[in-house]
Amino acid sequence: MKLNEHYFELTESYLFSDIARRVEAFAARHPEQKIIRMGIGDVTRPLPPVVTAALEEAAREMGKRESFRGYGPEQGYPFLRQAVADYYADRGTVVSPEEIFIGDGAKSDLGNILDLFSPDCTVLIPDPVYPVYVDTNIMAGRSIIYLEATGQNGFLPLPDSRVKADILYICSPNNPTGAVYDRRALQTFIDYARENGAVILYDAAYEAFIADPELPRSIYELEGARECAIEFCSFSKTAGFTGLRCGYTVLPGELIFDGHSLQKMWLRRQTTKFNGVSYPVQRAAAAALSPEGRGALEENLSYYRENARILADMLKNRGVFYTGGRHSPYLWMRCERGMGSWQYFDWLLENAGIVGTPGAGFGKNGENYFRLTAFGSREDTIEAAGRMLLL
Ligand code: MLT
């Protein structure tokens, strides 16, 4: 037996596991300290009643002989795929239910989609960015080129036509910087992908936070995207599904490379390795997209947006440079007092009992930056802002 030695090229542990371990150690040393967690982007608002009602009802159905369900369709139940298609249609974007694949969250699908591509592909990944893109490609031994996102380009780098890549990652609104690509910038990526026969993996997990109708919420709003882009989205951040687990991936029929349909390949992959998301969870997700559910999601969004505003006001007050917080639940701040990002992590935890995410964990350009999330409770957010103002 030979191990996959690419695993030894990874950092010792996944970013958020590393943070959790450090926070646990701190908590053990300071049992008296109330720690405010604004590290991992985990939501705090409970599931809306319309969602829990659907979960309960589906659980009851599973307990009756006449409505019990065993294995479901690997691609997801038609009722949920239709609900997702309607969610797109309401924004004027046409995506058919056949192109939608229900999964257990964007993270899994973003990792699993790589089964479709050769380990010889070259990957273009923004730096800083959600660490899953880098780690999953390192695991497969792919060579990675980084797209430098810096304060100078507003953390919105564009592909360079002289650099050749086969797989491009875009996360917009961006995790961690909160920066959002406009239509013109996204079109540049699409044009690059079409010229180079490349595929775009578009992470839209935070699309619902976009408040400006001029900014694209789906890459399919752009010309030519259906021929080159796969889109990933999630119920986690708006409907509170981080614990329940449900997301979806869109693969349009036009994604044909070397005469092969990516949609067919993905279906083949999913039917072989995946048995679908549980029926009650899919019912819960469909309820989240119902008219009543959408109202509840809007309330969640307003709540988290207000938290972001509170944190942004605090940073302005302190004269700290930051991005995000407007069309994003993340605030990306420059570390204070010239500190490095892990140094600032320790300092903030020691001096204010606040946990954030060190920017360096998202890539080398994240050094000297720090990410705060607006997903906390209102009370904790106000308290954290108050504690930081006193530093
Ligand atoms: C984050 O904090 O970056 C996210 O919560 C991680 C995730 O969505 O997997």
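1. Here we look at the site of the ligand
In the vicinity of the ligand, the contacting residues are F16, I40, G41, Y130, N175, Y206, K237, Y330 and R371. Separating an oxygen atom of the ligand from a side-chain N or O atom of K237 is a distance of 2.8 Å. Residue R371 places a side-chain N or O atom 2.7 Å away from an oxygen atom belonging to the ligand. The protein chains hide 86% of the 270 Å² of surface that the ligand would expose on its own. Within the shell around the ligand, the residues separate by chemical class into five nonpolar, two polar and two charged.

2. What about the pattern of salt bridges?
In this structure the tally under the stated criterion is 22 salt bridges. For E148, the salt bridge identified is with K364, shortest N-O distance 2.7 Å. Here the residue E148 occupies a position in strand β4 (residues 143-148), and K364 occupies one in the loop between β14 (357-358) and β15 (369-373), the gap between them amounting to 216 residues. By relative accessible area, E148 is classed as partly exposed at 35%. K316 is paired through a salt bridge with D313; the nearest N and O atoms lie 3.7 Å apart. In this pair, K316 and D313 are both assigned in helix α10 (residues 291-317), three residues apart and thus about one turn of the helix distant. The class of D313 is partly exposed, set by a relative accessible area of 30%. Residues participating in the shared-partner salt-bridge network are K34, D380, E383 and R387.

3. A look at the pairing of strand β5 (residues 167-171)
With five of its five residues buried, β5 lies for the most part within the structure. Along β5, one buried face is formed by I167, Y169 and C171 and the opposite face, lined by L168 and I170, is buried too. Pairing of strand β3 (residues 122-127) with β5 involves two bridges; the strand directions are parallel. Its bridge partner being in β5, V123 is matched across the sheet by I167. One ladder, built from five bridges, connects β5 with strand β6 (residues 199-203); its direction is parallel. Its bridge partner being in β6, C171 is matched across the sheet by D203.

Rules used in this analysis
- Residues numbered from 1 in each chain as written.
- Predicted model: local features only at pLDDT ≥ 70, side-chain atom pairs only at ≥ 80, totals over all residues.
- Heavy atoms only, no water.
- Near = heavy atom within 4 Å.
- Polar contact = N/O pair within 3.5 Å; in protein donor to acceptor, adjacent residues only side chain to side chain.
- Areas by Shrake-Rupley, 256 points an atom, 1.4 Å probe, with all protein chains shown as cover.
- Nonpolar A, V, L, I, M, F, W, Y, C, P; charged D, E, K, R; others polar.
- Salt bridge = Lys/Arg side-chain N within 4 Å of Asp/Glu carboxyl O.
- Helix = DSSP H or I, 4+ residues; strand = E, 2+ residues; numbered from the N terminus.
- Buried < 20%, exposed > 50% of the residue type's maximum accessible area, 1.4 Å probe, protein only.
- Pairing = 2+ DSSP bridges.

Treat this as a map of the structure, not an account of what it does.
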